[in-house]
Amino acid sequence: MLTRRASLRAGIAALALTAAPFTPAAVAQDGAPIKIGEINSYTRMAAFTEPYRKGWELALEQINEAGGVKGRPLEVLSRDDTGDPATAIRIADELVNRDHVTLIFGTFLSNIGLAVSDFANQSQTLFIASEPLTDAIIWSKGNRYTYRLRPGTSMQASMLAEQAAKTDAVKWVTVAPNYAYGTDAVEAFKRELTKLKPEVEFVEEQWPALFKIDAGSTVRALEQAKPDGIFNVTFGGDLAKFVREGSLRGLFDDRVVVSLLSGEPEYLEPLGSEAPEGWIVTGYPGFDIDTPEHKAFADAYQAKWGEEPKTGSIVGYNSMMTIKTLLSEAPTLETEALLDTMEGLRVESPTGEFLYRPVDNQATMGAYVGKTGLVDGKPRMVDWHYAPGEDYLPSEADALTLRPDRQ
């Protein structure tokens, strides 16, 4: 009997063999919509993906109201993968070979991003991975058809390690979900912190299953190690349970806590009065960003949706701006023309200009680094700064060594 992974790979191969890559330009008509496929875990990860959807919908509306791209409106065919890689592959196949989309973007969970990336490679379809954070998607399992927007685990862990190295903490423990995103993040944090502060030691690791954390036993194991610092990678419901149990047992008292993504409103706001203060985090400070570009975006977002933007909102908006810039600059909708244009593509966005590096297909979009705090009684990211993505990527020479497909 095939394992789940083997079945998944067999399914990808079968889909690639049964349908030749479709050429959108072959049937394009002047003024006809340009169809774009979008896949994400809307029912599984609603806290992040709903703001993300609102972000790309706002950008789509603005693009089409301004005349579309080369006189043609953009049409997004959006589908819910329900958090299942096999479902995501089936949807991707339908979008490409039945609906004839020009490209695909989206996905959230790293395992789903990797599955769709594999499908894109075999079906020769451009895939812009908006949100998956695993480094494998651009390095060890990277391919020429997949580009990634968000700063990945290595980049964000490096940003946090830089801040952690400034503290007095030497003895560290880690807790992370046991899948690609979590393992990548812990590996990167340990590597980067050790480079900056060679005397550090890591004395305990906890690997709860995603969204199935046993917070009591996890906290007890970390406390028994008597650490100076804690590196946390849990998010969503797991983060809430970890924070509650850790606070009750005094795990965080007088300790440095460094926490990936915990400054994002999607995960920080639901903690309410239980939100910890003083954690070093990556996240998004919303309306506190006062650049003209971001203010225009945030005002438009609030006017349309009646709420402050979140991290997902920026990711969705920047995804659509990537697509708009790509289609505006590409000479045709042929996949090869799109791939040629994606190499080094520069995109203007609310968070500043970024580009997609030709060497590894990673965008240089950065992230915000700061601390958790309470402002007017509500959890908020404070004392933050913007960390440019290009400052936390490996050199082009080093990146090449991480790409087996380019050696």
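Residues numbered from 1 in each chain as written. Predicted model: local features only at pLDDT ≥ 70, side-chain atom pairs only at ≥ 80, totals over all residues. Heavy atoms only, no water.

Engineer: It is not clear to me how the packing of aromatic side chains should be interpreted in this structure. Could you clarify?
Structural biologist: Any two aromatic rings considered together are summarised by their centre-to-centre distance and by the angle between their planes. Applying the stated rule across the entire model yields 21 aromatic pairs. Here the aromatic rings of Phe189 and Phe202 are separated by 6.3 Å at their centres, their planes lie at 85°, and the arrangement is edge-to-face. Of this pair, Phe189 sits in helix H6 (residues 180-196) while Phe202 sits in strand E7 (residues 201-206), and the two are 13 residues apart along the sequence. Judged by relative accessible area, which is 0%, Phe189 ranks as buried. Judged by relative accessible area, Phe202 falls into the partly exposed class, the value being 22%. For the ring pair Phe242 and Phe252, a centre distance of 5.5 Å and an interplane angle of 75° mean the geometry is edge-to-face. Of this pair, Phe242 sits in helix H8 (residues 236-248) while Phe252 sits in the loop between H8 and strand E9 (256-263), and the two are 10 residues apart along the sequence. Of the two residues examined, Phe242 and Phe252, each falls in the buried class. Taken together through their ring pairs, the aromatic side chains of Phe48, Phe108, Tyr179, Tyr181, Phe211, Phe235 and Tyr267 make up a single cluster. Positioned over the ring face of Tyr145 is Arg144, at 5.2 Å from the centre of the ring. (Phe/Tyr/Trp six-rings, centres within 6.5 Å; stacked < 30°, edge-to-face > 60°. Helix = DSSP H or I, 4+ residues; strand = E, 2+ residues; numbered from the N terminus. Buried < 20%, exposed > 50% of the residue type's maximum accessible area, 1.4 Å probe, protein only. Lys NZ or Arg CZ within 6 Å of the ring centre and 35° of its normal.)

Engineer: I would appreciate a short explanation of empty space enclosed by the protein in the present structure.
Structural biologist: The method is simple in principle: a probe with the dimensions of a water molecule rolls over the atoms, and the space it marks as empty is what remains. Overall, the coordinates contain 3 cavities of 30 Å³ or more when judged by the stated rule. Computed from the structure, the largest cavity encloses a volume of approximately 130 Å³. Residue lining of the largest cavity: 15 residues in total, with Arg150, Gly283, Thr311, Gly366 and Ala367 positioned closest to the centre. Of all the elements in the fold, those that place two or more residues in the lining of the largest cavity are strand E10 (280-283), helix H11 (311-329) and strand E13 (367-375). In terms of residue count, H11 provides more of the lining of the largest cavity than any other element does, 3 residues in total. In the lining of the largest cavity, the residues fall into 7 nonpolar, 6 polar and 2 charged. (1 Å grid on protein atoms, 1.4 Å probe; cavity = no way out; pocket = protein on both sides within 12 Å on 5 of 7 lines; lining within 4 Å. Points joined across faces, edges and corners; volume = space filled by probe spheres on them. Nonpolar A, V, L, I, M, F, W, Y, C, P; charged D, E, K, R; others polar.)

In short, the description is geometric, and any link to function would need to be established separately.
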